[in-house]
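Report on the structure
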Amino acid sequence: MRQIFEPYEATKYSDWSDPELQKSFRETLREVEGQLGQDYPLVIGGEKITTDTFITSVDPGKTDRVVGRAAAGKAEHIEMAFEAAQEAFQEWKNWPMHDRARLLVRLAAVMRRRKRELAAWEVFEAAKNYLEAEADVAEAIDFCEYYARQSLKLADYVETHPFPGEENSTFYQPIGTGVVIPPWNFLLAILTGTVVGPVVVGNTVIVKPSPSTPIIAYKFMELVEEAGFPPGVINLLTGEDADLGDALVDDPRTRFINFTGSRATGERIIERASKVQPRQKYLKKVMAEMGGKDALIVDETADLDVAVEAAVAGAFGFQGQKCSAMSRLIVVDEVYDEMVGRFVEETRKLSVGPAEEDHNVAAVINEKQFNKIIDYIRKGKEEGGKVLLGGSEEAAAEGGYYIEPTIFGDVEPNATIAQEEIFGPVVAVIRARDFDHALEIANDTDYALTGGLISRSRERIMQATRDFEVGNLYINRKITGSLVGIQPFGGTRFSGTNSKAGGPDYLRLFMEAKTITERF
Ligand code: NAD
């Protein structure tokens, strides 16, 4: 195939220990701070639609600071959005794949030019510290660049066997208008990836972001406009879940749903989408990437320096609010005391405070999540977990939803905090008799998203590769931070439908194959 773009390469992160970089980013933060508190419309068919009611996005780290107010879409806007998306589909589906791919490359270029500013919005809207914010924007850029290149592979006929006297050809075509429902935690990256994946292969979408992070979603639409996407290809409906969630899922015009979020919402969507509605013409396709209860195993052969670093970064990066976050640390008895002691001491060094000041651990996303995490801390104590660090049921800093890093030791493998997704800076440390026991514990949850092993034993690494039931297994490193095009991402069991975002199979999910046979 002729290369029209330079080869894909994942975006590199900056060195945030550089004081000059810190200083100049703080200036960007001040510029963006000056733009906080504005109102934002819906974007349907390229038109900006204002509404009478709004949802308010607040800074989780400074709850009296309004990041912005986003229009609250209602039933009439759902109508408008479907009309616009379905109309746009009629032309967009016929664009050559290369031309759609070019728009993604252009979108990536626009994002790259505004990278700092976008990262600054993330600091305010999601309380990401500087590196986490930059990494999220980098991932969004990478999704555009990677899917642009991958789409070209699907433009060709599929290889089939010839048959005398006939021409047989099989090709892929887009499926139609879909609904994209991303979470708040990778507010730009997942939104971008789950939108541009289906779009590049010719589908049109309505994106309904999380009510916790609607402003970055509007910023995304600014980029889409600047990149030159035709109106109606990507439509933004912000608003309350109660008004939009079920209605979009149930709508007979919804051809597919590209969801990332919690298990509860994912299961609800899968169930509702499977019910055929009056006037529905297709079965709905659901891609649902859901939660995790991810474990890192440390065996007695492990390099404990590597293990401690992997555990701290995996557990507390972005306050543990990653689907891939290490929420269980399973340590074999022989090295338990040393490993856990060092893990606690390293975690103690983490600073807790505003993302704006680039603390290691900033605020969690909202009040509901804050209360949920505190409830789990309480439950952890009630069920007999030993608090080794943190454990306070009060906010760890003034003005926002701050929770101190909390580590429970000697947690029973079947305890609530060792089984349910907490999605905060809380770790359950579990003692295993030996490696086999550790693997057994690791596999004994409903989830199977990421996992990790720190070990020097080739035999154990081979065993984990075979028997650790996860979608993404990391050996001798942290279990978060997958890179687009390098570590295709997605779990199995109740962690989701394994759509492997950022992988070579992803775009195929949003296409169907058609076969033509002509006899001469
Ligand atoms: P959530 O399930 O509360 O919300 C996800 C999205 O669904 C949001 O846009 C929300 O507004 C929407 N929603 C809520 N109710 C709905 C309904 N009835 N119908 C349709 N949409 C509805 O999840 P969250 O709190 O935003 O995100 C955190 C969760 O996402 C965690 O469980 C995390 O593990 C998971 N996650 C998974 C992955 C992955 O790739 N597997 C990646 C990131 C996050």
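The structure contained in this document is the topic of the report that follows. Bear in mind that the values here come from a model prediction, so they are computed numbers and not experimental data.

Counting secondary structure elements, the protein chain contains 15 helices and 21 strands. Taken over C-alpha atoms, the radius of gyration comes to 23 Å for the protein chain, in line with the 24 Å a tight globule of 520 residues would show. The dimensions of the protein chain, computed from C-alpha atoms along their principal axes, are 75 × 60 × 50 Å. Looking at the 520 residues of the protein chain, the share that counts as buried comes to 58%. When contacts within the protein chain are restricted to residue pairs at least 6 apart in sequence, long-range pairs at least 24 apart make up 77% of them. In the structure as shown, the protein chain presents an accessible area of about 21600 Å², 48% of it carried by carbon and sulfur atoms.

With that settled, consider unusual backbone geometry. The phi torsion at Ala127 lies on the positive side, around 60°, for a residue other than glycine. Non-glycine residue Asn498 carries a positive phi angle of around 60°. Position of Asn498 relative to the elements: it lies in the loop between strand 20 (492-493) and strand 21 (511-519).

On to the packing of aromatic side chains, then. Enumeration over the complete set of coordinates arrives at 17 aromatic pairs. Summarising the aromatic geometry, the rings of Tyr157 and Phe171 are spaced 6.1 Å apart at their centres and angled 75° between planes, so their arrangement reads as edge-to-face. Of this pair, Tyr157 sits in the loop between helix 5 (130-153) and strand 6 (166-174) while Phe171 sits in strand 6, and the two are 14 residues apart along the sequence. An aromatic cluster of three or more residues is present, and its members are Tyr8, Phe143, Tyr146, Tyr147, Phe256, Tyr506 and Phe510. In this arrangement the basic side chain of Arg100 is found over the ring face of Trp92, its NZ or CZ atom lying 5.9 Å from the centre.

Attention now moves to the pattern of salt bridges. Taken as a whole and judged by the stated rule, the model has 45 salt bridges. Measuring nitrogen to oxygen at the nearest pair gives 2.9 Å for the salt bridge that ties Arg149 to Glu145. One end of the pair, Arg149, and the other, Glu145, are both in helix 5, four residues apart, so they sit about a helical turn from each other. Of the two residues, Arg149 and Glu145, both sit in the buried class. Between Arg342 and Glu338 there is a salt bridge; the shortest N-O distance is 4.0 Å. Placement of the pair is Arg342 and Glu338 together in helix 11 (residues 333-348), with a separation of four residues, close to one helical turn. Judged by its relative accessible area of 47%, Glu338 is partly exposed. Within the structure, one salt-bridge network assembled from shared partners comprises Arg30, Glu33, Asp59, Arg65 and Glu356.

Rules of the game
- Residues numbered from 1 in each chain as written.
- Predicted model: local features only at pLDDT ≥ 70, side-chain atom pairs only at ≥ 80, totals over all residues.
- Heavy atoms only, no water.
- Helix = DSSP H or I, 4+ residues; strand = E, 2+ residues; numbered from the N terminus.
- Rg over C-alpha atoms; globule rule 2.2 N^0.38 Å.
- Buried < 20%, exposed > 50% of the residue type's maximum accessible area, 1.4 Å probe, protein only.
- Contact = heavy atoms within 4.5 Å.
- Areas by Shrake-Rupley, 256 points an atom, 1.4 Å probe, with all protein chains shown as cover.
- Phe/Tyr/Trp six-rings, centres within 6.5 Å; stacked < 30°, edge-to-face > 60°.
- Lys NZ or Arg CZ within 6 Å of the ring centre and 35° of its normal.
- Salt bridge = Lys/Arg side-chain N within 4 Å of Asp/Glu carboxyl O.

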